[in-house]
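Secondary and tertiary structure notes
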Amino acid sequence: DFTEGVYSEFLQGRINLEGYYSSTVIQDNFLTEPTGVLRKRKGTSYIANSHSQNESSRLIPFQFNKGDGIIIEFSQDGEVRFLKNNAVLTVELTGSCPYKKNEIHEFQYVQTKDIVFLVHPNHPPLRLHRGSSDNSWSIANMSFHNTNLFGTKGNYPSCVTMHEQRLVFAGT
């Protein structure tokens, strides 16, 4: 019976707490059902080799609406690929991604609706936009009214988030 799920390691030995005997500290690769039964977590599936097979890529999720998810792959040579329903999509991408080598593992991102905002301290903020279909995407530098907002290379934002439906940059 694991109806209480996972508890903090700081509570180890607190046998006086209600639920102590129906919980666990570590629960890797299992999901707790409401009845307390543990179910094995579903695994991953092989879709395709990474674009640059000898180098690492970065995968980020894109959830346009419920049940309509896409995986976006950023490779170290600047290529961007899109994967959906266990297949690589044939996509017309307008623009190019400036992130190379280790930069793909350092950029931060946030998604709102059909747009993903990407930031890295060495590049101006990017806007990755899903067009009218899953096969139509564009990537471009964001435009701002104040062109001196961020300054020079190495001084661009390194963090991005959404707060109360507003885009927030930080870490310059």
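Every value quoted in this text rests on a predicted model; they were computed, and no experiment measured them. (Residues numbered from 1 in each chain as written. Predicted model: local features only at pLDDT ≥ 70, side-chain atom pairs only at ≥ 80, totals over all residues. Heavy atoms only, no water.)

**Here we look at the side chain of D114**
Within the secondary structure layout, D114 lies in the loop between β10 (108-112) and β11 (115-120). Put simply, D114 is tucked away with no salt bridge, and the nearest opposite charge, on R130, sits 5.5 Å away. Setting aside its immediate chain neighbours within four residues, D114 contacts F62, F64, L128, H129 and R130. (Helix = DSSP H or I, 4+ residues; strand = E, 2+ residues; numbered from the N terminus. Buried < 20%, exposed > 50% of the residue type's maximum accessible area, 1.4 Å probe, protein only. Lys, Arg positive; Asp, Glu negative; His and termini not counted. Salt bridge = Lys/Arg side-chain N within 4 Å of Asp/Glu carboxyl O. Contact = heavy atoms within 4.5 Å.)

**Here we look at the state of the cysteines**
Two cysteines form a disulfide when their sulfur atoms are joined by a covalent bond. Per the stated rule, a full pass over the model turns up 0 disulfides. Left unpaired, C97 is separated from the closest cysteine sulfur, that of C159, by 18 Å. The exposure class assigned to C97 is buried, which follows from its relative accessible area of 3%. Residue class for C159 comes out partly exposed when judged on its relative accessible area of 39%. (Disulfide = S-S within 2.5 Å.)

As far as function goes, none of this settles anything; it's purely spatial.
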